[in-house]
Amino acid sequence: MSTHGSLAHIGVVGLAVMGSNIARNLAHHGHRVAVFNRSHGKTEALIADHGHEGEFLPAQTIDEFVASLERPRRALIMVQAGAATDAVIEQLADRMDDGDIIIDGGNSLYTDTIRREKAMAARGLHFVGAGISGGEEGALNGPAIMPGGPAESYKHVGPLLESIAAVVDGTPCCTHIGPDGAGHFVKMVHNGIEYADMQVIGEAYHLLRYAAGMEPDAIARVFKKWNTGDLNSYLVEITAEVLAQKDAATGKPLVDVIVDAAGQKGTGRWTVKAALDLGIPVTGIGEAVFARALSGDLAQRRATVGNLPAGTLPGEVINSDKDRFIEDVRRALYASKLVAYAQGFDEIKAGSEEYGWNVDPRDLATIWRGGCIIRATFLNRITEAYDSDPGLASLLLDPYFNGEMTELVDSWRRVVVTATRMGLPIPVFASSLSYYDGLRAERLPACLIQGQRDYFGAHTYRRTDKDGSFHTLWNDDRREVEA
Ligand code: NBP
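Since the structure is predicted, the reported quantities are computational estimates derived from the model, not experimental observations. (Residues numbered from 1 in each chain as written. Predicted model: local features only at pLDDT ≥ 70, side-chain atom pairs only at ≥ 80, totals over all residues. Heavy atoms only, no water.)

**Some points on the pairing of strand 2 (residues 33-36)**
Our working definition: Only protein chains enter the accessibility calculation, which uses a 1.4 Å probe. A residue is then buried if its area is under 20% of the maximum for its type, exposed if over 50%, and partly exposed in between. A run of H or I in DSSP counts as a helix once it spans at least four residues, and a run of E counts as a strand once it spans at least two, with each numbered from the N terminus. With the strands pointing away from the viewer, any crossover whose connection runs clockwise from the first strand over the helix to the second is right-handed. When DSSP finds two or more bridges between two strands, those strands count as paired.
Across the two faces of strand 2 the burial is the same, with Val33 and Val35 and Ala34 and Phe36 all buried. Read as a crossover between parallel neighbours, the route from strand 1 (residues 10-13) over helix 1 (residues 17-28) to strand 2 is right-handed. In terms of strand pairing, strand 2 meets strand 3 (residues 56-58) through 3 bridges, oriented parallel. Of the residues in strand 3, the one forming a bridge with Ala34 is Leu57. A crossover connection joins strand 2 to the parallel strand 3 through helix 2 (residues 40-50); in handedness this β-α-β unit is right-handed.

**Examining the packing of helix 12 (residues 267-278) against helix 15 (residues 322-355)**
Let me state the cut-off plainly: Each axis is a line fitted through C-alpha atoms, and for a helix only the stretch in contact is used; angles between axes span 0 to 180 degrees, taken between their N-to-C directions. Angle categories: roughly parallel below 35 degrees, roughly antiparallel above 145, roughly perpendicular from 65 to 115, and oblique for all the rest. A clockwise turn of the near helix away from the far one marks a right-handed crossing, whereas an anticlockwise turn of less than a right angle marks a left-handed crossing. Every residue pair with non-hydrogen atoms within 4.5 Å of one another is taken to be in contact. Ten residue types, Ala, Val, Leu, Ile, Met, Phe, Trp, Tyr, Cys and Pro, are classed as nonpolar, four, Asp, Glu, Lys and Arg, as charged, and the remainder, Gly among them, as polar.
Running from N to C, helix 12 and helix 15 cross one another at 60°; their axes reach a closest spacing of 10 Å. With respect to helix 15, the element helix 12 is oriented oblique. The crossing of helix 12 and helix 15 is left-handed. Taken together, the residues of helix 15 that come into contact with helix 12 (itself represented by Thr271, Ala274, Ala275 and Leu278) are Glu347, Ala350, Gly351 and Glu354. Each residue belonging to the contact of helix 12 with helix 15 can be placed in one class, and the counts come to 4 nonpolar, 2 polar and 2 charged.

**Regarding the sheet that holds strand 5 (residues 101-104)**
The 7 strands lie next to each other as 3-2-1-4-5-6-7, forming an open sheet whose pairing is mixed. What marks the edges here is a single partner per strand, and that holds for strand 3 and strand 7 (144-147). Each adjacent strand pair in this sheet contributes to an overall mean axis angle of 25°, direction not counted. Strand direction decides the pairing type here: strand 6 (residues 126-133) and strand 7, joined by 4 bridges, are antiparallel. Residue Ser133 lies in a different strand from strand 7, and its bridge partner there is Ala144. Its contacts with the sheet place helix 2 against strand 2 and strand 3, and it is angled at close to 150° to strand 3.

**Brief notes about the sheet that holds strand 12 (residues 480-482)**
On the basis of which strands lie adjacent, the open sheet formed by 3 strands has the order 10-11-12 and antiparallel pairing. Only two strands of the sheet have a single neighbouring strand rather than two, namely strand 10 (461-462) and strand 12. Where strand 11 (residues 469-472) and strand 12 come together, 3 bridges link them in antiparallel fashion. Bridge pairing links Thr472 to Glu480 in strand 12.

**A short note on the UniProt feature "domain: 6-phosphogluconate dehydrogenase C-terminal" (unreviewed entry) in the protein**
Stated precisely, the cut-off is as follows: UniProt positions are given in the numbering used here, feature names are shortened, and annotations may be inferred rather than shown by experiment.
In the numbering used here, UniProt assigns the feature "domain: 6-phosphogluconate dehydrogenase C-terminal" (unreviewed entry) to residues 183-475. As annotated, residues 183-475 comprises 64% helix and 2% strand, and the C-alpha atoms at either end are separated by 52 Å.

**Details of the pattern of salt bridges**
Quick reminder of the rule: By definition here, a salt bridge exists when the distance from a side-chain nitrogen of Lys or Arg to a carboxyl oxygen of Asp or Glu is within 4 Å.
All chains considered together, the criterion is met by 32 salt bridges. With a shortest N-O distance of 3.1 Å, Arg115 and Asp86 are connected by a salt bridge. Residue Arg115 is found in helix 5 (residues 110-122), and its partner Asp86 is found in helix 4 (residues 83-93); the two are separated by 29 residues along the sequence. For Arg123, the salt bridge goes to Asp94, with nearest N and O atoms at 2.7 Å. Of this pair, Arg123 sits in the loop between helix 5 and strand 6 while Asp94 is found in the loop between helix 4 and strand 5, placing the two residues 29 residues apart along the sequence. On the basis of relative accessibility, which here comes to 35%, the residue Arg123 falls in the partly exposed class. According to the relative accessible area criterion, Asp94 is exposed, its value standing at 53%. Each member of the salt-bridge network shares a partner with another, and the members are Asp86, Asp104, Asp112, Arg115 and Arg116.

**Observations regarding the packing of aromatic side chains**
Let me state the cut-off plainly: In summary, the pairing rule links any two rings of Phe, Tyr or Trp, Trp by its six-membered ring, whose centres are within 6.5 Å, and it sorts them by plane angle into stacked for under 30 degrees, edge-to-face for over 60 and tilted for everything else.
A full pass over the atoms with the stated rule returns 15 aromatic pairs. With a centroid separation of 5.2 Å and 55° between ring planes, the pair formed by Phe185 and Trp357 is classed as tilted. Residue Phe185 is found in helix 8 (residues 182-210), and its partner Trp357 is found in the loop between helix 15 and helix 16 (361-367); the two are separated by 172 residues along the sequence. In this structure Phe185 comes out as buried when scored by relative accessible area, which is 1%. Judged by centre distance (6.3 Å) and plane angle (70°), the rings of Tyr334 and Phe378 are edge-to-face. One end of the pair, Tyr334, is in helix 15; the other, Phe378, is in the loop between helix 16 and helix 17 (379-388), and 44 residues separate them in sequence. Accessibility classification places Tyr334 together with Phe378 in one group, the buried group.

What follows is the structure in structure tokens.
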């Protein structure tokens, strides 16, 4: 029921799919929620369809909306990221007072959040950039929430946000991540990991389909089984559902009638751009973003399919030991996924150091266990890993994951060899294995690259046997001089 006369605990601006579901979620948890949308029709639709679910205060104007909030005012923005978010922030800030709190729950770029937080702080307002994951279903029934911003404001928004978040083992999937852009940065990397996770699942499917010759129904059963073990996760669970789905119009597996060109909205790309700036190799996420780009260029693919030589190496016959191949693929998937998470956590660590956020990796593994798209049982293991060694140089060095790798690596290599011989694309399986071997390698060809750089650009190099920087006089008598 709408309640007039009392002030709202929190307000939501932007009532498209995410905002209206978050507003309903808040109302379901006993909060009185002011609601406002630029075009009033969405506000009317929310109240008409769901007004009975709790206490809503619908506003026709932004003035009415701000006036309906108790102090300190808390306004959650759920509008399109970018210019729309800036416009709404300005409208709110113009009407708010010292100590009021603006929460941006959209998928904003963390650098925008840093800028906005600074601008709002200068006006005496608190600004909380909160990453929210879980799509529309999560928004309604319990998302994972990653709020950044001043610790002080978390006292006012934390309990509210925690009350609507998913809960795992009694712990809400929401915690204060760090100052200014920390929450949106972490949400961005979460989405990047999601890209890699989806791609490795896709590669596993592709191998079972085109190397082992299995039908989608049978592969669905394999994923269902995998979901009962180490790979237990939301994404593996829905993969089994999607693969088992039949197209009503043709009777074919639905996956066979879906165009194989993947879309993207940008958070994966942002993760890779930020990683490039920070100098962190997120090869799994990068290859996943590029794999979507390759799939999406249908014109180029039309020109190339069938027109590039595959080579003449005989493929392998999987039929003889299909069960072993399936298990090898499962292990390759698990290993590549571990690498993607290890790289994502490396990026968060680097971002945290660069911006002075002090992000605790244990918090992330804990709050990603529920609500969000990458929720997975193995996140408990990541929490344990950082619990026993908060300064872990790489997740892969944690004794548990290290032990897992011992089990996985032979299968992983076999799968990469098989796929490569058969000409099947496995960008994340293969690049993750190369990354892993790069980490293990005693010597890398970077020594030669330093030599080349010194040759053409006098960039100098360091020696293995003494301190200092050196340069070889390549165009003279090739003596080495100290730089
Ligand atoms: P959209 O991202 O589709 O945005 C639509 C909303 O933005 C509408 O309420 C629209 O108002 C409002 N809006 C726009 Br567009 N320009 C505006 C402006 N200049 N001033 C005021 N309002 C404006 O909505 P969504 O899919 O619900 O997502 C909301 C946020 O949550 C986004 O930042 C999104 O990236 C993020 N997110 C989405 C998901 C998901 O699964 N969809 C998941 C996680 C996060 P109108 O009705 O008047 O046009």
